[in-house]
Structures are given as structure tokens and as C-alpha cells.
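Report on the structure
As a plain string of letters, each chain reads:
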Amino acid sequence: MPRSMQRTVYCALLAIAFVMGAPQAFAAPARSQPQAASVAVVTPPAGFVHEDSFYGTASACQTRGKSGIADGSWIAYVCIQTLPLTPFQDLYVKK
């Protein structure tokens, strides 16, 4: 298989992993680090729940979080980047 074809296949597999939301695709090999430390999982603070209606970038998350406080939908919010190497964040709110 030509080198350009190998590169194309590799990029296609990486793009599929991004679309499918597979954070394990970005993990370091288990032999170089312990398995538990290979994927950084960020959990929201206690008392915060995931806001299912939001999907967007960091600036959109901040805007939506502030507007939710202004209209009384929640009392606090936090934006967390769940997948590495992506601009998207999840909005967690405290009601």
C-alpha cells in the first residue's frame, strides 16, 4: 500500500474516532502509563447536573451559563471539556 494511502487511512480512522466520541483513541499505551492515568476524566463538582440542551464551544457555554443564571434557571454553572483535542464543552448546572 502506498504511503499516501496509509496516511489517508490513518486520518480517516482518526476522524471516525472523533465523530464516534471515542476518548480511548487518544489514550497513551498501557505499557507506558498505568491504565487509570492514560485518559483524563474530568467530573463535575458535587451537586452539578448535565444540561442536556446545550452543545457548543467554550464561549457559547459561558454565554449559556450566564444567561441561565440571569433568567433563574440555575444558580451556578461550570463548563467542562469532555474530550481532548476538541473545542466542544459540556454545560453542568446547579439548580
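Just so it is clear, the structure is predicted and the values come from calculations on it, not from any experiment. (Residues numbered from 1 in each chain as written. Predicted model: local features only at pLDDT ≥ 70, side-chain atom pairs only at ≥ 80, totals over all residues. Heavy atoms only, no water.)

To continue, consider the overall build of the chain. Assigned secondary structure in the chain consists of 3 helices and 4 strands. Across the chain, helices and strands are ordered from the amino to the carboxyl terminus as α-α-β-β-α-β-β. Residues counted as buried form 20% of the 95 residues belonging to the chain. Within the chain, contacts between residues at least 6 apart in sequence are counted, and of these 46% link residues at least 24 apart. Surface accessibility of the chain: about 6,800 Å² in total, with carbon and sulfur atoms responsible for 62%. (Helix = DSSP H or I, 4+ residues; strand = E, 2+ residues; numbered from the N terminus. Buried < 20%, exposed > 50% of the residue type's maximum accessible area, 1.4 Å probe, protein only. Contact = heavy atoms within 4.5 Å. Areas by Shrake-Rupley, 256 points an atom, 1.4 Å probe, with all protein chains shown as cover.)

For the rest of this paragraph, the subject is the state of the cysteines. Here the structure, examined in full by the defined rule, presents 1 disulfide. Disulfide pairing is shown between Cys61 and Cys79; the S-S distance is 2.0 Å. Negative torsions about the S-S bond denote left-handed disulfides, and the value of about -100° found for Cys61 with Cys79 makes this one left-handed. With a gap of 18 residues between them, Cys61 in helix α3 (residues 58–70) and Cys79 in strand β3 (residues 76–80) connect regions that are remote in the sequence. Comparing Cys61 with Cys79, the two get one shared label, buried. (Disulfide = S-S within 2.5 Å.)

Our focus in this paragraph is the environment of Thr43. Summarising the element assignment, Thr43 is placed in the loop between α2 (35–38) and β1 (49–50). For the pair Thr43 and Ile80, spaced 37 residues apart in sequence, the C-alpha separation works out to 8.2 Å.

Moving on, we get to the nonpolar core. Within the largest apolar cluster, 6 residues are counted, these being Phe54, Cys61, Trp74, Cys79, Leu91 and Val93. For Cys61, the residues in contact, after removing those within four places along its chain, are Phe54, Tyr77, Cys79, Gln89, Asp90 and Leu91. (Core = buried A, V, L, I, M, F, W, Y, C linked by side-chain atoms within 4.5 Å.)

Moving on to the side chain of Glu51. If you trace the backbone, Glu51 turns up in the loop between β1 and β2 (56–57). For Glu51, which is buried and forms no salt bridge, the nearest opposite charge comes from Lys95, at a distance of 4.3 Å. Excluding residues within four positions of it along the chain, Glu51 makes contact with Trp74, Leu91, Val93 and Lys95. (Lys, Arg positive; Asp, Glu negative; His and termini not counted. Salt bridge = Lys/Arg side-chain N within 4 Å of Asp/Glu carboxyl O.)

Another aspect to go through is the side chain of Asp90. Along the polypeptide, Asp90 turns up in strand β4 (residues 88–94). Arg64 is the oppositely charged side chain nearest to the buried, salt-bridge-free Asp90, at an N-O distance of 13 Å. Contacts of Asp90, omitting those with residues within four sequence positions, involve His50, Cys61, Val78, Cys79, Ile80 and Thr82.

So, on to the confidence of the model for the chain. Here the chain shows a mean pLDDT of 74. Residues at 70 or above account for 59%. Across the chain, the secondary-structure element scoring lowest on mean pLDDT is α2, at 40, and the one scoring highest is α3, at 93. Note on residues 22–39: pLDDT under 50 across the span, and 15 contacts to partners over four residues away in sequence or across chains. (pLDDT = per-residue confidence, 0-100.)

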